[in-house]
Amino acid sequence: MKKFYIETFGCQMNVHDSEKVIGTLLSKGYEQVDTPEGAELVLYNTCSIRDKAEQKVFHRLQQFKRDHGKGKVFGVLGCVAQQEGERIFERAPHVSLVCGSASYNKLSDLLVQIENGDRRVTGLSLNTEDTFDTPMTRRDNPNRAYITVIEGCDKSCAYCVVPFTRGPERSRTSESVLEEARRLADTGYTEIQLLGQNVNSYRDPSGRGWDFARLLRAVADVPGIRRVRFTTSHPRDFVKDIVDAIDENPVLCNHVHLPVQSGSTAVLNRMQRLYTRDQYMRRIEWMKSTRRGIAITTDIIVGFPGETEADFEATLSLLDDVEYDSLFSFKYSRRPGTPALALDDHIPEEEKSRRLTFLQEHQRFIQIRRNSENVGLVEETMVEGFNHATEQWIGRTSRNQTLNFTHPVHTAPGNGDNLIGCYLPVRVTRAGPNSLAGEALSAAG
Ligand code: SAM
Ligand code: SF4
């Protein structure tokens, strides 16, 4: 059982967890393959944030078993593993391994048990003070690296499974984060993205006792690092010092993802979000009054139980007040074990769909307006790829906008002309609702 395949569902935390799982397995002599057909061990790193994501995993398990599953070992990792536990063995009897993210440090031992003939093994304890930092992490992107700084969540939003699937908050020491950042810079990474379910709840467990703003400043000072991003921030723990740090240091990208969920304080209360609309808006004003102009993005849930038409209107008016640069929006999804299940007045599915479509259309106009303000500006752009169909390079600005551009000299990759990983000044010439287009001003920087 030495060849493995892994498929990842869900958020960046899951993507990065998979990188650590892959690194751990490679260090134990396993070989990663690109298709489940060629593997002896098939792993799914799962997401259970919404019902649809969970169903996808069970569908994949069934479909693959029927077509090609014979003789393979199946493992379910991540949030569905933690949420469903041993029930997975009933729903998908061909699964042998069920392991939640708080138990990944036991993963190698669990695989040894399977190799020794155990038919079913689980790692489901949430009683951990450990984080899963592994020096063996296998990163595919050669320029941007994720670093987890805090795992788990101590909040209890009424709709959310994360506190049950990822356990209590555990922060890494600032020294181990910085050491990883220095190691990454030494191997050529120029961009670091700090990760946590609530990344700004970070609190250094060592004697230093650093908060998140202090950690941000220190990571930005690591020689060789040109960009630092972070996600996701919880509004309750979002302090002005984070905004000041960004305004002072251009290495800290001028983009903040600050999920609001709803523009109605009544809904926020029922969601147990721990802030009011006014408190949220105060944080937006800090960001709006910076010199650098911070791009702001968010998450919205429509159709939370009891959300009235007036509550929904309040969310639309919040979008107008903030003028988000972009947002993720979701229909409320009932999740097992969450307090919101007990609330009255669940909104019909068709009404949730109507609100979602309306909200997305409303936001589209805001983005067209916001993005058109960029035309004529010159933005430092990190090159991420090349689109052969449009013959444009694909870049990303500090504000996290996609900026597709042509280059006067380097018209395509090849013949040593690969710009990927370079930082270039690009003049924005056009703007759409979801991206910008432009022309590079000079050679690679
Ligand atoms: N910790 C972050 C915060 O507090 O904003 C969010 C983490 S969660 C993985 C990402 C997003 O999923 C949330 O911001 C929320 O909008 C959405 N989400 C979480 N539970 C949901 C549910 N039951 N139904 C619909 N969307 C949900
Ligand atoms: Fe879920 Fe709320 Fe924790 Fe975010 S803060 S992970 S939404 S419980």
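The structure displayed is predicted, hence computed values, not measured ones. Position numbers for residues count from 1 along each chain, tracking the sequence in the order it is written. The lettering of chains begins at A and the numbering of ligands begins at 1, in the order of writing. pLDDT decides what is reported in this predicted model: residues at 70 or higher carry local features, side-chain atom pairs at 80 or more are listed and counted, and totals for whole chains, interfaces and linings draw on all residues regardless. Calculated side-chain values reflect all of the structure's heavy atoms, with hydrogen atoms and water omitted.

K.L.:
Help me understand the pattern of salt bridges, please; the structure alone is not making it clear to me.
P.N.:
In a structure, side chains of opposite charge can pair up when their charged atoms sit close to one another. Criterion for a salt bridge: a side-chain nitrogen of Lys or Arg within 4 Å of a carboxyl oxygen of Asp or Glu. In the structure shown here, the tally under the stated rule is 36 salt bridges. For Glu84, the salt bridge goes to Arg91, with nearest N and O atoms at 3.5 Å. A relative accessible area of 9% places Glu84 in the buried class. Buried residues are those whose accessible area, probed at 1.4 Å on protein chains only, stays under 20% of the maximum for their type, while exposed residues exceed 50% and partly exposed ones sit between those limits. Owing to a relative accessible area of 36%, Arg91 belongs among the partly exposed residues under this scheme. Connected through salt bridges with shared partners, the residues Asp51, Glu54, Glu84, Arg87, Arg91 and Arg335 form a single ionic network.

K.L.:
Could you clarify how one ought to interpret the sheet that holds strand E11 (residues 227-231) in this entry?
P.N.:
Pairing between sheet strands relies on hydrogen bonds along the backbone, with the strands arranged either parallel or antiparallel. Only strands joined by at least two bridges in the DSSP assignment are considered to pair. Runs of E in the DSSP output that reach at least two residues are strands. Runs of H or I that reach at least four are helices, and both are numbered from the N terminus. The sheet built from three strands is open, its strands ordered E7-E10-E11 with parallel pairing. A single partner strand is all that each edge strand has here, and the edge strands are strand E7 (144-148) and E11. Direction aside, neighbouring strands of the sheet carry axes that sit 25° apart on average. Across the sheet, helix H7 (residues 174-186) is in contact with E7 and strand E10 (191-195); its angle to E7 comes to roughly 165°. Here an angle of 0 to 180 degrees is reported between the N-to-C directions of two axes, which are lines fitted to C-alpha atoms, with helices fitted over the stretch in contact. Residue contacts are counted whenever heavy atoms from the two residues lie within 4.5 Å of one another.

K.L.:
Explanation requested: the site of ligand 1 in the structure shown.
P.N.:
The criterion for a residue being near a molecule or strand is simple. One of its heavy atoms has to lie within 4 Å of it. Taken together, the neighbourhood of ligand 1 is formed by 17 residues, with Gln197, Gln261, Arg273, Asp299 and Ser333 sitting nearest. Contact distances for ligand 1 include 3.0 Å between a nitrogen atom and a backbone N or O atom of Tyr159. Nitrogen and oxygen atoms within 3.5 Å of one another constitute a polar contact, given that in protein one can donate a hydrogen and the other can accept it, and given that sequence-neighbouring residues count only through two side-chain atoms. Within the side chain of Gln261, one N or O atom sits 2.7 Å away from an oxygen atom of ligand 1. Where accessible areas are quoted, they stem from the Shrake-Rupley method and a 1.4 Å probe; at the residue level, only the protein chains shown are allowed to cover. The protein chains hide 91% of the 560 Å² of surface that ligand 1 would expose on its own. Of all the secondary-structure elements, those providing two or more residues to the shell around ligand 1 are strand E13 (295-302) and strand E14 (326-331).

K.L.:
Please clarify how the packing of helix H8 (residues 212-220) against helix H9 (residues 240-248) should be interpreted in this entry.
P.N.:
Any two packed helices are characterised by the angle at which their axes cross and by the distance between the axes. At a minimum axis distance of 8 Å, the contact between H8 and H9 shows a crossing angle of 15°. Accordingly, the angle class assigned to the pair H8 and H9 is roughly parallel. For the pair H8 and H9, the crossing hand works out as right-handed. Every residue of H9 that contacts H8 at Phe212, Ala213, Leu216 and Arg217 is listed here: Asp241, Ile242, Asp244, Ala245 and Glu248. Charged means Asp, Glu, Lys or Arg here, nonpolar means Ala, Val, Leu, Ile, Met, Phe, Trp, Tyr, Cys or Pro, and polar covers whatever is left, Gly included. Within the contact of H8 with H9, the residues separate by chemical class into five nonpolar, no polar and four charged. Throughout this description, any angle smaller than 35 degrees is read as roughly parallel, any larger than 145 degrees as roughly antiparallel, any in the 65 to 115 degree range as roughly perpendicular, and the remainder as oblique. Take the far helix as your reference; a near helix turned counterclockwise from it by less than a right angle gives a left-handed crossing, and one turned clockwise gives a right-handed crossing.

K.L.:
Would you take a moment to explain the sheet that holds strand E12 (residues 255-257) for this structure?
P.N.:
Spatial ordering of the open sheet is given by E12-E13-E14, a layout of three strands whose pairing is parallel. The sheet is open, and its two edges are formed by E12 and E14, each paired on a single side. Sheet twist, expressed as the average angle between the axes of neighbouring strands with direction ignored, equals 10°. Judged from the six bridges that link them, E13 and E14 form a sheet pairing that is parallel. Residue pairing across strands places Asp299 opposite Phe328, the latter belonging to E14. Sheet strands touched by helix H13 (residues 349-372): E13 and E14. Its angle to E14, the strand with the most contacts, is close to 175°.

K.L.:
I would appreciate a short explanation of the packing of helix H12 (residues 309-322) against H13 in the present structure.
P.N.:
Contact geometry of H12 with H13 gives a least axis separation of 10 Å together with a crossing angle of 20°. In terms of orientation, H12 lies roughly parallel with respect to H13. Remark: the crossing between H12 and H13 carries right-handed chirality. Counted together, Glu309, Phe312, Thr315, Leu316, Leu319 and Asp320 of H12 and Glu351, Arg354, Arg355, Phe358, Leu359, His362, Gln363 and Ile366 of H13 form the full contact between these two elements. Class assignment of the residues belonging to the contact of H12 with H13 gives a composition of six nonpolar, three polar and five charged.

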